[in-house]
Amino acid sequence: MTRGGLLATLAAGLLALPASSGQAGPVRVLAFWSTNVEGDHVEFAREALEFYGRFAAAHQFRFESTTRWDDLNARRLEGVTVVLWLNDFPHQASQREAFEHYMEKGGGWMGFHVAAYNDSGTHWPWFVNFLGGTVFYGNNWPPLPAWLRVDDASHPVTRHLPRRFLSPDNEWYSWRPSPRDNPEVKVLLTLEPSNFPLGLKDTIAGGDVPVVWTNTKYRMIYLNMGHGDKILTNGLQNRMFEDALLWLTRRH
Ligand code: ZN
């Protein structure tokens, strides 16, 4: 091996370590979900657990899941590379504080659909800031497919997507203000204006409606998909779900 080749090999080895925890060993993913929420949300959570469970096994990640939100505590989160919230969020102060501490210390978070839901009754200002300063505003009903536009095709999360694609049926959320108004936020996918008005019983009339974004102050990503049993039927979108987890583990 040449000296250059040796250095390249060493560099590749270093890059393969998870940057987050600063320790060797497998990537660890801990998924939180709930069985006592809306049926369509449980349905997605179960399918996502299978989806990410298979993906994790293929990449030698350790993948665990729990419905005990009290597992959001310092001991349980130690060494966890990415925390996944599938259609719920912590409701107790101690769970929220443990999560805040974990994220402020460089933890990773991926949230789907209801994971980012917050309104005047949620009483968690830290989390509103974490999302980029945005609050749930409205939704469409019934769940419908929608055309999504890629905002940055060079990003590791979206690079395998075409510039636009038709997403499977979902209940889409709108936000106020738009997360895009925050300069720290990078929006990756947005509802195309051609979708509007979107919905029948409940309608998203228009405006700027990001559906996937990251607050660059944290190692986090939010994805609005997650309602019902059709979400994981689009191979392109599934690839993005995989790339999002890989990106959070910094193994690109
Ligand atoms: Zn929903």
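Use the structure listed above.
Just so we're clear, the structure is a prediction, and the values are computed from it rather than from any experiment.

Cut-off values and rules
- Residues numbered from 1 in each chain as written.
- Predicted model: local features only at pLDDT ≥ 70, side-chain atom pairs only at ≥ 80, totals over all residues.
- Heavy atoms only, no water.
- Helix = DSSP H or I, 4+ residues; strand = E, 2+ residues; numbered from the N terminus.
- Buried < 20%, exposed > 50% of the residue type's maximum accessible area, 1.4 Å probe, protein only.
- Contact = heavy atoms within 4.5 Å.
- Areas by Shrake-Rupley, 256 points an atom, 1.4 Å probe, with all protein chains shown as cover.
- Pairing = 2+ DSSP bridges.
- Axes fitted to C-alpha atoms, helices over the stretch in contact; angles between N-to-C directions.
- Expected span 1.5 Å × (residues − 1).
- Donors = N, O, S within 2.8 Å, 3.2 Å for Na, K, Ca; no water.

Asker: Please clarify how the overall build of the chain should be interpreted in this entry.
Answerer: Per the secondary structure count, the chain includes 6 helices and 11 strands. Considering the chain as a whole, with its 252 residues, one finds that 52% of them fall into the buried category. For the chain, the proportion of contacts with a sequence separation of at least 24, taken over those separated by at least 6, is 75%. For the chain, the computed accessible surface area is about 11,400 Å², with 53% contributed by carbon and sulfur atoms.

Asker: Which parts of the structure should I look at to understand the sheet that holds strand β7 (residues 164-170)?
Answerer: Strands in a sheet are paired, the pairing made by backbone hydrogen bonds, and the direction either parallel or antiparallel. Taken in spatial order, the 9 strands of this open sheet run β2-β1-β3-β4-β11-β10-β9-β6-β7, and their pairing is mixed. Single-partner strands in this sheet number two, and they are β2 (62-66) and β7. Averaged over neighbouring strand pairs, the angle between their axes works out to 20° when direction is ignored. As judged from the 5 bridges shared by strand β4 (residues 108-112) and strand β11 (residues 219-223), these two strands associate in the parallel manner. Across the sheet, residue Gly111 finds its bridge partner in β11, namely Tyr222. With respect to the sheet, helix α4 (residues 93-104) is in contact with β3 (82-86), β4 and β11, its orientation differing from that of β4 by roughly 125°. Taken strand by strand, helix α6 (residues 235-248) contacts β1 (28-33), β3, β4, β6 (144-150), β7, β9 (185-191), β10 (210-215) and β11, and its axis lies near 160° from that of β11.

Asker: Hey, could you run me through the environment of Gly235 in this one?
Answerer: Inspection of the secondary structure assignment puts Gly235 in helix α6. Expressed as a C-alpha distance, the spacing of Gly235 and Leu161, which sit 74 residues apart in the sequence, is 10.0 Å.

Asker: Is there a simple way to think about α4 in this case?
Answerer: Quick reminder: α-helices carry 3.6 residues per turn. Residues three or four places apart thus point the same way. Taking 1.5 Å of rise per residue, the 12 residues of α4 would be expected to cover 16 Å, and the 16 Å separating its terminal C-alpha atoms lies within 8% of that figure. Tucked inside the fold, the buried residues of α4 contact α3 (74-77), β3, β4, α5 (125-130) and β11. Phi for Gly106, located one or two positions after α4, is positive at around 100°.

Asker: Help me out: how do you make sense of the coordination of the zinc ion in this one?
Answerer: Octahedral metal centres with six donors ideally show angles of 90 or 180 degrees, and tetrahedral centres with four donors ideally show 109.5 degrees. In this structure, His41 (NE2), His113 (NE2), Glu171 (OE) and His227 (ND1) serve as the protein donors to the zinc ion, at separations of 2.0 to 2.2 Å. Donor residues for the zinc ion sit on one chain with the sequence pattern H-x71-H-x57-E-x55-H. Highlighted residues: Glu171 in the loop between β7 and β8 (173-176) and His227 in the loop between β11 and α6, separated in sequence by 56 residues. The same class applies to Glu171 and to His227, which are both buried.

Asker: Hey, could you run me through the environment of Leu30 in this one?
Answerer: Summarising the element assignment, Leu30 is placed in strand β1. Residue classification places Leu30 among the buried residues on the basis of a relative accessible area of 1%. Distance from Leu30 to Val80, taken between C-alpha atoms, is 6.8 Å for residues 50 residues apart in sequence. Here Leu30 is in contact with Glu64, Ser65, Thr66, Arg76, Leu77, Val80, Val82, Val83 and Leu84, once residues within four sequence places are set aside.

Asker: Can you help me understand helix α2 (residues 39-58) in this one?
Answerer: Between its first and last C-alpha, α2 extends 29 Å over 20 residues, near the 28 Å set by a 1.5 Å rise per residue. Looking only at α2, the buried set comprises His41, Val42, Phe44, Ala45, Ala48, Leu49, Phe51, Tyr52, Phe55 and Ala56. Positive backbone phi, at 55°, marks Gln60, one or two positions downstream of α2.

Asker: How should I be thinking about the pairing of β9 in this particular structure?
Answerer: Counting buried residues along β9, 6 of its 7 residues qualify, which places the element largely inside the surrounding structure. Pairing of β9 with β10, which is carried by 5 bridges, proceeds in the antiparallel orientation. By the bridge assignment for β10, Lys186 is matched with Thr214.

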